[in-house]
Amino acid sequence: MAEPLLNLSAGADTWLRRVRTSGSSSGALMTLIGLCVVFSWITDTFLTSANLVNIATQSTVLLLIALPMTLIIMTEGLDLSIGAVLTVTNVVLAMVAVQTGGVWWALLAALSVGAVFGLVNGSLVARLGIPPFVATLGTLGVAQGLALVLTDGQSVVGIPESVQYFYSGTLAGVPLPLWIAALTYLVFHGVLYHTRFGAYIFALGGNREALSLAGVRTQVYWIAVYIVGGVMAGLAALVLTARISSGHPTAALGMEFDAIAAVALGGTSFEKGKGWLLGTLLGVLAVGVMRNGLNQVGVNSAVQVSAIGFLVIFALMIDAYRGRRA
Amino acid sequence: MSDSLRPSAINSQQGPAALWGALPDSMQSVALRLAALAILCLLLSLASEAFFTTSNILNVLRQAALLFLLASGLTLVILTAGLDLSVGANVALSACLAATLIKGTGSIAIGVVAGLSSGLLIGIANGLLITWVRIPPFIATYGMLWILHGITYWFMKGETIHGFPPAFRAIGSGYWLGIPVPVYLMGVFLLIGLVFAQRTRWGQEIYAVGANPEAARLSGVPVKSRLVLVYAVSGAMAGLASLIFLARLNSAEGDIGESLTLPAIAAVLIGGTSLFGGVGSMLGTLIGALILTLVLNGMNLLAINANWQPVVTGVIVVLAVFFDNLTRKGDKR
């Protein structure tokens, strides 16, 4: 048992070195710098410290779902439901918070609902062998419908201060969402690069067969990756609810696309089971800068999505070109 | 094609079981789905008196026709083990383009041509992204979904266009000999689809690409152009569906067809077309479209909150793929 494990983590390290040296996320970095230059040039309001802090704070929700999305895509999976699950957990969190007047039971409820959706997604994919994009398209419909049914299409208002604090509060002068983002990033980094579970995630995408031949209960870890996605959606719901001060049945519908876009921009590949977190972080910032900049130029948010779509297709073209050359 | 590739079950039983086993898989699958359809009809007519009325049946057929037209192109895509998540957004953009042109020029023909060609061009763009740029189908068409979403919004700027000439509205809401016009279109395209998929060389090549792209390539099938073809057809059918949808609603706004993607995929999967490619039929998709429409119609008749519809459709998608996997496990693994 010990020997194959050693080999696996060695494999992960080799992957890492390859990914790092191949500069997979140079695309995200260049996009990020390019966008910053363009927006600083065409607007006066972009390059101000207040706006930059604003971008970072607003990007927290996206980062919280883009990180697990990276892991899911690394296992050659996809979670189209994460935006809808974030929406339904936003609704649940808001409803429980309004009922109890506090934050903790609400957070617990949101995390549990997220975990259940993750468990369902993971079981459909790993146990029943349903292709991830169809399984999660199905649960997308379920989550979206549930959000509507729970609220009857209305907003949930009257969110207590203790919830709103998670967006507006500061700790040592730094906005609380940034603390949450930084902590989460560090935890994901630690888990992916320094634990057995992390090594298994690399292997789930790169070489699933070898993993199960090594005696690892593949399905457990495979399902766990999706549960992480659901739970993170629940955590993201806390920041989202705090930010919009309400629960809304369409709050984050479609946000899975921003997350997938960030992961794709970050150089994580959809087919080869390789990816890395720093790339996703840069991708999240690129999407955040893009949306913030386009907002300042007065571009509608639906049209921003188009621009992000073009950016992603462009990133994938480069990815495909690189793959062909390699 | 698919029947000859897969050995049928060994017939150790006697009587009806042996007879059933002797049927080709594709006929078994269609027969099972027909039975499910019949049971559903029976249950619905027991549950609601409003179900078995001429007006309701015609209504169901009209809705199923729209769904089938959209799903028939998608069937070809899924036969190649691909997926087109952009059909709903394609319907939205094509409908809005057609609506604007009909209003602007007063010519129905220009609007119809614009709707159809916008659908077709979007389909070709999908096909090229998948074959030439080599982006996985679900990612390429998913990106396309959001690109189209934004373009439609930018194009419409949140406005609604309504009130079209009666001659145009007839495509969606007219009757001929007492039967809704879309139902005739459904019949025509079912026939074309059946002949194309089962009786033409291109159709058979599409099955071959889905069953085993490498083997298809080695036996001389131009895999890339067949793939572009299926996405182009799927796009063109979305263009056609957009016209019917527009004519029925008599108004267009930015999100006009976006909720159609999940039901269209559901219809194909309920119809027994496998996500793994090479297995499925147009007839199955027709039955799938009917089953899904009946379920949603039944929920309406029983006055169940419409917000449950995406929940039910989502569950049906997952169940359909699950049962498909169950029945194929013996063959594939």
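Residues numbered from 1 in each chain as written. Chains lettered and ligands numbered in written order. Predicted model: local features only at pLDDT ≥ 70, side-chain atom pairs only at ≥ 80, totals over all residues. Heavy atoms only, no water.

A closer look at the confidence of the model for chain B
Where the model shows low pLDDT, its predicted coordinates should not be examined in detail.
Residues and elements named next belong to chain B.
Phase 1: Counting all residues, the mean pLDDT for chain B is 87, and 94% of those residues have values of 70 or more.
Phase 2: Averaged pLDDT values for the elements of chain B fall to 44 in helix 1 (residues 2–5) and rise to 95 in helix 6 (residues 108–131).
Phase 3: Every residue in residues 1–11 scores below 50 in pLDDT, and together they form 16 contacts with partners more than four places removed in sequence or on other chains.
Phase 4: Quick note on the complex model: pTM equals 0.86, ipTM equals 0.82. (pLDDT = per-residue confidence, 0-100. Helix = DSSP H or I, 4+ residues; strand = E, 2+ residues; numbered from the N terminus. Contact = heavy atoms within 4.5 Å.)

Side note on the interface of chain A and chain B
Phase 1: Contacts between chain A and chain B engage 37 residues on the former and 38 residues on the latter.
Phase 2: Summed over both sides, the interface of chain A with chain B buries roughly 3,300 Å², with 80% coming from carbon and sulfur.
Phase 3: Summed over the shared surface of chain A and chain B, the result is zero salt bridges.
Phase 4: Counting the contacts that link chain A with chain B gives four residue pairs in polar contact (both at pLDDT 80 or more).
Phase 5: When contributions to the side of chain A that touches chain B are tallied by element, the ones reaching two or more residues are helix 6 (132–151), helix 12 (255–265) and helix 14 (301–325) of chain A.
Phase 6: Split by residue class, the side of chain A that touches chain B holds 25 nonpolar, eight polar and four charged. (Buried area = accessible area lost by both parts, 1.4 Å probe. Salt bridge = Lys/Arg side-chain N within 4 Å of Asp/Glu carboxyl O. Polar contact = N/O pair within 3.5 Å; in protein donor to acceptor, adjacent residues only side chain to side chain. Nonpolar A, V, L, I, M, F, W, Y, C, P; charged D, E, K, R; others polar.)

A closer look at the pattern of salt bridges
A side chain with one charge may pair with a side chain of the opposite charge, provided their charged atoms come close.
Phase 1: Taken as a whole, this structure holds five salt bridges over all chains when the rule is applied.
Phase 2: Of the charged contacts in the structure, one is a salt bridge between arginine 208 of chain A and glutamate 76 of chain A, with a shortest N-O distance of 4.0 Å. Here arginine 208 of chain A is found in helix 10 (residues 208–213), whereas its partner glutamate 76 of chain A is found in the loop between helix 3 (49–74) and helix 4 (82–100), with 132 residues between them in sequence.
Phase 3: Given the relative accessible area of 26%, arginine 208 of chain A is considered partly exposed.
Phase 4: With a closest N to O distance of 3.0 Å, glutamate 205 of chain B and arginine 201 of chain B form a salt bridge. Here the residue glutamate 205 of chain B and the residue arginine 201 of chain B both occupy positions in helix 10 (residues 201–211), the gap between them amounting to four residues, near one helical turn.
Phase 5: Within the structure, one salt-bridge network assembled from shared partners comprises Arg201, Glu205 and Arg226 of chain B. (Buried < 20%, exposed > 50% of the residue type's maximum accessible area, 1.4 Å probe, protein only.)

A closer look at the environment of serine 246 of chain A
All names here are of chain A.
Phase 1: Secondary-structure assignment places serine 246 in the loop between helix 11 (218–244) and helix 12.
Phase 2: Judged by its relative accessible area of 11%, serine 246 falls in the buried class.
Phase 3: Between the C-alpha atom of serine 246 and that of proline 160, which follows or precedes it by 86 residues, the distance is 9.7 Å.
Phase 4: The contacts of serine 246, once residues within four sequence positions are left out, are Asn90, Ala94, Val156, Val157, Ile159 and Thr241.

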